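Chain residues, written in single-letter form:
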Amino acid sequence: MSTFAPTAPIASGWTRAWSGRRRWPLVSVAGGAIAAALVLLPLAFLIIQAQRSGWGEVQRLLLRHSVAVLLWNTVRLTLACTVLCAVLGVGAAWCVERTALPARRLWAVALVLPLGIPDFVVGFGWVSIDPGLHGYLAAVMIMTLALYPLVYLPVASALANLDAGLEEAARSLGLGPWQAFRKVTLRQISPAVLGGCLLVTLALLAEYGAFEIVQYRTFTVEIFTEFKLGFDTAAACALSLVLVLLSVAALGGELALAGRGRAWRAGPGARRIAPRIALGRLSAPVLAGLSALGGLALGVPLGALVYWMLRGSSTTLPSASILAAAGHTAEYSAGAAVLSTVLAVPVSALAIRHRNRVTVLIERLAYLPMALPGLVIALGLVAFSVRYAFALYQSALELIVAYSILFLPLAVVGVRSAMGQASPRLEEVGRSLGCRPATVWRRVTLPLIAPGLGAAFALVFISSATELTATLLLHPTGVNTLATQFWAYTSELSYGAAAPYAALMVAISAIPAYVISRRMTTLARGERAR
Amino acid sequence: MHRRTLASLSPFLIAAVTLLTACGGSSHGGPTITLYNGQHEQTTAALVTAFEKQTGITVHVRSGDEATLGNQILQEGESSPADVFYTENTPVLEALRERGLLAPVPPPTLAAVPSRYDSAQGEWVGVSARASALVYNASQIKPSQLPSSILELAEPKWKGKVGFAPSETDFQPLITSIVKLDGAATAERWLKGLQANGKLYPDNETVVAQVNNGESAVGLINHYYWYRLRAELGQGGMRSALHYYAPGDPGDLVNVSGAAVLKSSSHRAAAQAFLAFLVSRAGQETIAHSHSYEYPLRPGVSPASGLRPFAQLKPAPLTPAELGDGSEALALEQKLGLL
Amino acid sequence: MSRLSVSDLWKGYASTEVLQGVDLEVHAGSLTAVLGLSGCGKTTLLRVIAGFERAERGSVSLADRTLDDGRTYVPPEKRCVGYVPQEGALFPHLTVEANVGFGLSRRERRGDAVAELLEMVGIAPLARRLPHELSGGERQRVALARALARRPHALLLDEPFSSLDASLRTRVREEVHALLREQGVTTVLVTHDQEEALSLADTVAVLRDGRIIQQGAPAELYERPADQRLARFLGAVNVIDAEFEDGTARTTLGALELRDDPASGGAAAGVVMVRPEQLDVRLREEGAHGESSAAGLGGRVERCRYYGHDALLHIRPEEPSGGEMLLARVHGEQALPVGTRVTVAARGPVTPL
């Protein structure tokens, strides 16, 4: 919260930042340090636990033949899904943002909504349709349909804010439409595509629920097995270190590919808005494609829920408890969304305005937890809090912190792009007009990055509302959320009773999903008015 | 006879504890214990309500998947807020016992149920039981075709017909049982055969649902999954039936749900009172009348109507304690790539 | 009305020193243009004066108040220095009105102050527009009104007209100039456009390689540039060999009056600077081949650049005197076709370089 409040420490922090030769703003540094500490907490837990079993045992665990299988399974799934998500995400975003698609506002929301459906509901929906569904292809299909919005969102936003002048220049230099798209447009949106792919990759590394359902064995599935059936924390943590290595490779890869070309257009210079392309004869196939995507990604899980609500005898009218559970879900998710958005501000500010090895490292670190199973993060917090902060243990605050660690990358992605657009020149002008740094922050920077903060809030909110494993470990005793109740009923085969909880979860997530897509389009429209 | 006496004493034990805690308790109406519940949530809720009414002790219930809760207790160690851990299966209790996290259960509580269903070391008590069984799709399999032993399911004639959930905590006891009764080599051969014949499902809920749908002809489950599915779908929705293996077959297993008090508990008396209540007549009746469809273990309490009487089950001669923490079974599954 | 003075100012980034001991005096109420090529440190100088960057050495003071001298550092918001960055940098989320009123207190904003400012810069009808709905010139005016709203003691303009197209630039420039005169605010304007600097400023300071190499009234700089490079930067120039004697320079164009006599410093020969507008060009009658008459030097037009109001002729002197190509500025109607034979004469005084 402190980052937003114009309190004295911020003022002095910023004053110092200004007063020195490239001195760092204290508040950002403090915020970045807190974020880094939170992220390092579960990592420290992993290393301590893995060490407990001794490096010999770790070696034995990691050099087993089955680890090679797991590695291959994990890598081939991650590659296939990431590529497919990139293709679907870019394609869908292009159709919505650059063509005269009928009902595009509707599509803009519908294409984001799959994010709001928890993995276990997706898996549940698919298995309801085809119980025999299992293995590699099933895993690739289900995860692609669940995760493509992580590419769609940043790419749609980048396309909406793109300067069409370059594309036109390319056409005038003799490139065909497809060549111009590939050589110019794709180049321009490539940071957004890569950022989205990174999120997809990390989410895949940590995924468990859906793979358990389709019986596809990845590292994370093996980690859960070690935990759940073997009660072998050390082995599970040793295996988790492999996930850390894989995600470090992904993070480094994205950084290398994206390079330094992250700077966004700053200042109000003139910008050409691309005219929408009439689809003409392509209308039907494009609509059919998007409908198929929406139908598979949204229709299957939602259909399964409706089926069970109608079919199951345990279906009851939603009681007061469902409202209480919804209330708790909203409360915790909103708390996590605020906290991680607030933490993402200094992390992004440092990485953009004070780019150096340390700040980039902090920003990269913030992505790591997303690749770790929620169970590992949660157990790390359990181990920490029972020893050093027992008062926090199983408190709402601890759960909120856990969500914030898990979903910090989503917040960073949202805030970073907005931060890149908020030019420091504007802050300087604000100060020369007699406003103190805190006032400038409130009256200039905050409104400028507000759309990014909104997107960050919404993404974290949705992900927190649908999180299950960490929730089961850390929720306050006696308090239920929609996810825990859904889980409790499905584990008793009371699908009819469980379905309304999942439906409400999707409904709650739909609001932020709608807000994200609205924000994007209004932002773009504001500029289009020119 | 002796056991009977002890068992019949348990209500008094509860009453005594109630009295003691009432005297020493706060003005808030008695002490509070925290229950980590891995069991059927609604049944536990009914038990807790009855217990609170009877004793005035407040129970905070934290429900979750038993394996997750077990891991949580391992991490919490000395500082665990849990007083009682109530689980669906015993391997997780055994795992905690091996790490010295459980407190001894007083003999009267242990004596309320047949001792073969208790921890050999007296650190957890058996509360209710499930029988492993075979669910079969009645339109695909005639009763005459049903196997008398679980071992037959590994034969080629069952190819493509068997559904099972190898990652469920109910599955490892079956492997352990075969290892103990027929040797590790047979167990491995059986598992390989099953792997070749079977369809893998994520959990038993899915197994029973898919056999009922006809996706698989037969499925390895515990009996109550079938009853719970029947409760959800109604008798009209059931296309399947239950089959029990021949008496003494390694597949004919009784899986026990148990409860234990944690050594770290600072409300041990109240926690032990809860364990005593679970195996008391009142507690066992509550289980029998709940929708969990489990067998109460206390002699003289009959199960929900429609269930095959507990006495008619002739399970393999293995105690839950002998089934251990399932690590051997797990290793075998991992070796064959089932996990 | 405040005097702004900068002395021995040093400022650098990483390995390069951008400002290397800048001295600048801006008289109260005057407009000083800092002229320099891009990358010479103009913007850095403004940023240090505004307080966005801190000086490494040297001092900045305004009306006898030290703003930055190594120990004292006044943050930008307490300096009372208005700043108009390139392209205006309007707050994109605020209307024109809100942009202009940004630095005012809530009470002031409610009064007529904003409306008066908008009126003053002539954009009253645009009050409720958002920045992206404005043209470049309109943006500049809003930015100026915003900076003037707080009645700053000094105003800094960073290339304020460079993004405007030519026709607009002249007009906005004039208007701004009139406005600043009226307000009497001490102003520093940085630009790379010598025409802009010379036409607008009371004083021009030339920044090169991190130092002010010359500061003075526009005419003085134009007529007496510190060196040849500056002479060329300020406008086209003819550099002609000369011998100095008794306050005159003997050249191929004849004896010309000297502004300053370098001979008093001991030099007997050197070069002088003759601006193209100091050359008179006349048509030469046929027949008088190659001979330089007493009236001037004979030559041939080799190139003619026509600008409408005037034209620049490139004239090749003819043998036997020969010499460098001469540039001569003539009235537009005197633009001569290439190949025309002419006689060139110079009007003094000229400046030795």
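All values reported here derive from a predicted model rather than from experimental measurement.

### Here's the deal with the overall build of chain B
- Per the secondary structure count, chain B includes 13 helices and eleven strands.
- Expected size for 339 residues packed as a compact globule is a radius of gyration near 20 Å; at 20 Å, chain B falls within 12% of this value.
- C-alpha atoms of chain B, sized along the principal axes, occupy 65 × 40 × 35 Å.
- Residue burial in chain B is summarised as follows: out of 339 residues, 63% are buried.
- Carbon and sulfur atoms form 56% of the exposed surface of chain B, whose accessible area is close to 11900 Å².

### Things to note about the confidence of the model for chain A
Residues and elements named next belong to chain A.
- Of all residues in chain A, 88% attain a pLDDT of 70 or more, and the chain-wide mean is 81.
- Within chain A, helix H7 (residues 136-147) carries the highest mean pLDDT (92), whereas helix H1 (residues 8-19) carries the lowest (33).
- Within the model, pLDDT remains below 50 along residues 261-270, and this stretch shows 19 contacts once partners closer than five positions in the same chain are excluded.
- In the model, residues 523-530 has pLDDT below 50 throughout and makes 18 contacts with residues more than four positions away in sequence or in other chains.

### Regarding unusual backbone geometry
- Although it is not a glycine, B:Tyr293 sits at a positive phi angle of roughly 55 degrees.
- The buried category is assigned to B:Tyr293, whose relative accessible area is 13%.
- Phi is positive for C:Cys80, close to 60 degrees, though the residue is something other than glycine.
- Within the element layout of this structure, C:Cys80 appears in the loop between strand S5 (65-68) and strand S6 (81-84).

### Quick look at the pairing of strand S9 (residues 240-243) of chain B
Residues and elements named next belong to chain B.
- Burial of the side chains of S9 extends over both faces: Ser 240 and Leu 242 are buried on one face and Ala 241 and His 243 on the other.
- Where strand S5 (residues 125-137) meets S9, four bridges bridge the pair, whose relative direction is antiparallel. Its bridge partner being in S9, Tyr 136 is matched across the sheet by Ala 241.

### Re the sheet that holds strand S11 (residues 238-245) of chain C
Residues and elements named next belong to chain C.
- With antiparallel pairing, five strands are arranged side by side in an open sheet as S13-S12-S11-S14-S20. For this open sheet the edge positions go to strand S13 (254-257) and strand S20 (351-352), each flanked by a neighbour on one side alone.
- The pairing of strand S12 (residues 248-251) with S13 spans four bridges and is antiparallel. When the bridges of S13 are listed, Arg 250 appears paired with Ala 255.

### Some details on helix H8 (residues 149-160) of chain A
- End to end, H8(A) covers 16 Å across twelve residues, agreeing with the expected 16 Å (1.5 Å per residue, within 8%).
- In terms of burial, H8(A) is largely enclosed, as twelve of its twelve residues are buried.

### Points about the sheet that holds strand S19 (residues 341-346) of chain C
Residue and element names in this part refer to chain C.
- Taking strand neighbours across the sheet as the criterion, the five strands line up as S15-S19-S16-S17-S18 in an open arrangement whose pairing is antiparallel. Looking at strand neighbours, the two that pair on one side only are strand S15 (279-283) and strand S18 (326-331), the edges of this open sheet. In this sheet, adjacent strand axes meet at a mean angle of 45 degrees when their direction is disregarded.
- As paired strands, strand S16 (residues 297-306) and strand S17 (residues 310-317) are joined by seven bridges and run antiparallel to one another. Within S17, the residue paired with Gly 299 across the bridge is Pro 317.

### Description of the pattern of salt bridges
- The tally for this structure, following the rule as stated, stands at 38 salt bridges over all chains.
- As a salt-bridge pair, C:Arg57 and C:Asp8 come within 3.6 Å of each other at their nearest N and O atoms. Here the residue C:Arg57 occupies a position in strand S4 (residues 57-62), and C:Asp8 occupies one in strand S1 (residues 4-13), the gap between them amounting to 49 residues.
- Residue C:Arg57 is classed as partly exposed on the basis of its relative accessible area of 46%.
- A single network of salt bridges, built from pairs that share partners, joins A:Arg425, A:Glu428, C:Lys11, C:Arg47 and C:Glu53.

### Description of the interface of chain A and chain B
- Facing the 52 residues of chain A at the interface are 47 residues of chain B.
- Across the contact surface, chain A and chain B share one salt bridge.
- Across the salt bridge formed by A:Lys228 and B:Asp65, the nearest N and O atoms sit 3.1 Å from each other.
- Viewed at the interface, chain B and chain A are joined by 13 residue pairs in polar contact (both at pLDDT 80 or more).
- Those elements that place two or more of their residues in the side of chain A that touches chain B are helix H2 (26-52), helix H11 (209-213), helix H12 (219-228), helix H14 (283-311), helix H17 (374-388), helix H21 (469-474), helix H22 (482-490) and helix H23 (495-528) of chain A.
- A total of six residues in the side of chain A that touches chain B trace back to one element, the largest contributor, which is H17(A).
- Class assignment of the residues belonging to the side of chain A that touches chain B gives a composition of 24 nonpolar, 19 polar and nine charged.

### Notes on the interface of chain C and chain A
- At the interface, 30 residues of chain C touch 24 residues of chain A.
- Where chain C abuts chain A, roughly 2700 Å² becomes buried across the two surfaces, and 58% of that area is made up of carbon and sulfur atoms.
- Three residues stand out in chain C for area buried against chain A, namely C:Glu77, C:Phe102 and C:His132, and they jointly supply 24% of the buried area on that side.
- The interface formed by chain C and chain A includes two salt bridges.
- With its nearest N and O atoms 2.5 Å apart, the salt bridge here joins C:Glu77 to A:Arg431.
- At the boundary of chain C and chain A, one finds five residue pairs in polar contact (both at pLDDT 80 or more).
- For the side of chain C that touches chain A, the secondary-structure elements that each account for two or more residues are S1, S6 and helix H5 (136-148) of chain C.
- Per-class residue counts for the side of chain C that touches chain A are 16 nonpolar, four polar and ten charged.

### Examining a nonpolar patch on the surface
Residues and elements named next belong to chain A.
- On the surface, Leu 71, Val 75 and Leu 79 cluster together into a nonpolar patch covering about 230 Å² of accessible area.
- Tracing the backbone shows Leu 71 in helix H4 (residues 65-98).
- Take Leu 71: its relative accessible area is 34%, and that puts it in the partly exposed class.

### Observations regarding the domain arrangement of chain B
Residue and element names in this part refer to chain B.
- Looking at chain B, the domain boundaries give domain 1 (3-128 + 256-308) and domain 2 (130-253 + 315-335).
- When each unit is reduced to the centre of its C-alpha atoms, the spacing between domain 1 and domain 2 is 28 Å.
- Contact residues are listed per partner, giving 24 residues for domain 1 and 18 residues for domain 2.
- Contact between domain 1 and domain 2 buries roughly 1900 Å² in total, counting both sides, with carbon and sulfur atoms accounting for 52%.
- Connecting domain 1 to domain 2 are one salt bridge.
- Between Arg 130 and Glu 294 there is a salt bridge, with its nearest N and O atoms 3.2 Å apart.
- Where domain 1 meets domain 2, there are seven residue pairs in polar contact (both at pLDDT 80 or more).
- Residue assignment for the side of domain 1 that touches domain 2 shows that the elements contributing at least two residues are helix H4 (91-98) and strand S10 (254-262).

### Quick notes on the environment of C:Thr95
- Structurally, C:Thr95 is set in the loop between S6 and helix H2 (96-100).
- In this structure C:Thr95 comes out as partly exposed when scored by relative accessible area, which is 24%.

### Observations concerning the environment of A:Phe45
- On the secondary structure map, A:Phe45 appears in helix H2.
- Those residues in contact with A:Phe45, other than ones at most four positions away along the chain, are A:Thr233, A:Cys237, A:Val376, A:Leu379, A:Gly380, A:Ala383 and B:Gln75.

### Digging into the packing of aromatic side chains
Residues and elements named next belong to chain A.
- Within this structure, the stated rule accounts for 20 aromatic pairs over all chains.
- Look at Trp 94 and Phe 181: their rings are 6.2 Å apart centre to centre, the planes differ by 80 degrees, and that puts the pair in the edge-to-face class. With Trp 94 in helix H4 and Phe 181 in helix H10 (residues 177-206), this residue pair connects regions lying 87 residues apart in the sequence.
- The class of Trp 94 is partly exposed, set by a relative accessible area of 26%.
- The exposure class assigned to Phe 181 is buried, which follows from its relative accessible area of 13%.
- Ring centres of Tyr 489 and Tyr 501 lie 5.6 Å apart, and the angle between their planes is 35 degrees; this geometry places the pair in the tilted category. Of this pair, Tyr 489 sits in helix H22 while Tyr 501 sits in helix H23, and the two are twelve residues apart along the sequence. A single burial state applies to Tyr 489 and to Tyr 501, both of which are buried.
- Through successive ring pairs, a cluster of aromatic residues spans Tyr 136, Phe 211 and Tyr 216.
- Positioned above the aromatic ring of Tyr 136 is the side chain of Arg 76, whose terminal nitrogen or guanidinium carbon lies 4.1 Å from the ring centre.

Procedures and definitions
- Residues numbered from 1 in each chain as written.
- Chains lettered and ligands numbered in written order.
- Predicted model: local features only at pLDDT ≥ 70, side-chain atom pairs only at ≥ 80, totals over all residues.
- Heavy atoms only, no water.
- Helix = DSSP H or I, 4+ residues; strand = E, 2+ residues; numbered from the N terminus.
- Rg over C-alpha atoms; globule rule 2.2 N^0.38 Å.
- Buried < 20%, exposed > 50% of the residue type's maximum accessible area, 1.4 Å probe, protein only.
- Areas by Shrake-Rupley, 256 points an atom, 1.4 Å probe, with all protein chains shown as cover.
- pLDDT = per-residue confidence, 0-100.
- Contact = heavy atoms within 4.5 Å.
- Pairing = 2+ DSSP bridges.
- Expected span 1.5 Å × (residues − 1).
- Axes fitted to C-alpha atoms, helices over the stretch in contact; angles between N-to-C directions.
- Salt bridge = Lys/Arg side-chain N within 4 Å of Asp/Glu carboxyl O.
- Polar contact = N/O pair within 3.5 Å; in protein donor to acceptor, adjacent residues only side chain to side chain.
- Nonpolar A, V, L, I, M, F, W, Y, C, P; charged D, E, K, R; others polar.
- Buried area = accessible area lost by both parts, 1.4 Å probe.
- Patch = residues over 30% accessible without salt bridge, like charges linked within 9 Å, V, L, I, M, F, W, Y side chains within 5 Å.
- Domains from an automatic or database assignment.
- Phe/Tyr/Trp six-rings, centres within 6.5 Å; stacked < 30°, edge-to-face > 60°.
- Lys NZ or Arg CZ within 6 Å of the ring centre and 35° of its normal.

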